[in-house]
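Each chain is listed here by its residues.
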Amino acid sequence: MDNVSTVEVAKEKLDRWLQNGTIIAGAKLPSERELEELLGVKRMTLRQALLNLESESKIFRKDRKGWFVALPRFIYNPKSSASFKLAALEQGREPSWDFIEKSLVSSYPAVVESLLEEGDSGELYRITGWGALDNHKVFYHETFINPRIAQGFIDKLGHDSFSHLWEEEYKKKIVTQRLAFRPIRMSGDVCKIIGGSVGTPAILVEKYRADSNKNIIQIDIEYWRFESVDFLINL
């Protein structure tokens, strides 16, 4: 069995390639078979070295496509009212995004049940989508809204931001009232949207959005690729 020092030697050599630009940010690494030959190591040693670099956010996996060099990390303030698009452009990144599904559902995570009030039908709007930086998908989101509070929201959303629609159509200025973070491993459903392999590290963010009366009217559940983002909250 290869010992830890062999893994460290392989990792350090790979790390040097990343640091000196031998393989540029966003580029695909050679296949694992090629890396074994280049480094002169066995498959298990190489795999551990790659996993170590992944844990340090220096590389990432795309399902069925291989290993890639991590792009610069996105500085994200989840409490800010600025849109993902604006924040990305300010950092010199190229943002893109899209909605996947907009529907009325009666099955949803328990965490969003707080949107319901006594007498509600038990149905919520569910809007799913993804966001990308420099053509690389970095997060998947599920957004839940009470249709009683915002009738017709999913029909009016178009390609606008949620905040813009709340302000223009429903005359509500929303603020982030509460945030929750936790590390997770990506599920198969999330991997299908933003790439990666099942079990890839990710960060789950729950955002509770409130109106001017401090009533929670929107809950966002976001799944961010671990290597793609640094969270910064100004107090």
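Reading the values: the criteria
Residues numbered from 1 in each chain as written. Predicted model: local features only at pLDDT ≥ 70, side-chain atom pairs only at ≥ 80, totals over all residues. Heavy atoms only, no water. Helix = DSSP H or I, 4+ residues; strand = E, 2+ residues; numbered from the N terminus. Buried < 20%, exposed > 50% of the residue type's maximum accessible area, 1.4 Å probe, protein only. Polar contact = N/O pair within 3.5 Å; in protein donor to acceptor, adjacent residues only side chain to side chain. 1 Å grid on protein atoms, 1.4 Å probe; cavity = no way out; pocket = protein on both sides within 12 Å on 5 of 7 lines; lining within 4 Å. Points joined across faces, edges and corners; volume = space filled by probe spheres on them. Nonpolar A, V, L, I, M, F, W, Y, C, P; charged D, E, K, R; others polar. Pairing = 2+ DSSP bridges. Axes fitted to C-alpha atoms, helices over the stretch in contact; angles between N-to-C directions.

## Quick look at the side chain of R93
Here's step 1: Relative to the assigned elements, R93 resides in the loop between α4 (84–90) and β4 (95–105).
Here's step 2: Residue classification places R93 among the buried positions, given a relative accessible area of 10%.
Here's step 3: Of the polar contacts made by the side chain of R93, one reaches the backbone oxygen of P72; its length is 2.8 Å.

## Some details on the layout of surface pockets
Here's step 1: In this structure, the largest pocket occupies an estimated 610 Å³ of space.
Here's step 2: Put simply, the parts of the chain that give the lining of the largest pocket at least two residues each are α4, β4, β6 (136–145), α6 (162–170), β8 (201–210) and β9 (216–225).
Here's step 3: Sort the elements by how many residues they give to the lining of the largest pocket and β9 lands first, with four residues.
Here's step 4: The residue makeup of the lining of the largest pocket, split by class, is ten nonpolar, ten polar and seven charged.
Here's step 5: The volume enclosed by the second largest pocket comes to roughly 210 Å³.
Here's step 6: Lining the second largest pocket, in full, are K62, D63, K65, N135, H136, K137, G188, C191, K192, I193, I194 and G195.
Here's step 7: Mapped by element, the contributors of at least two residues to the lining of the second largest pocket are β6 and α7 (188–194).
Here's step 8: The dominant element in the lining of the second largest pocket, judged by the number of residues it contributes, is α7, at five residues.
Here's step 9: By residue class, the composition of the lining of the second largest pocket is three nonpolar, four polar and five charged.

## Focus: the sheet that holds strand β7 (residues 175–185)
Here's step 1: The strand order β4-β5-β6-β9-β8-β7 describes an open sheet built from six strands, whose pairing is antiparallel. If you trace the sheet from one side to the other, it starts and ends with β4 and β7, each paired once. This sheet shows a mean twist of 15° between the axes of neighbouring strands, independent of strand direction.
Here's step 2: With ten bridges connecting them, β4 and strand β5 (residues 124–133) associate as antiparallel partners.

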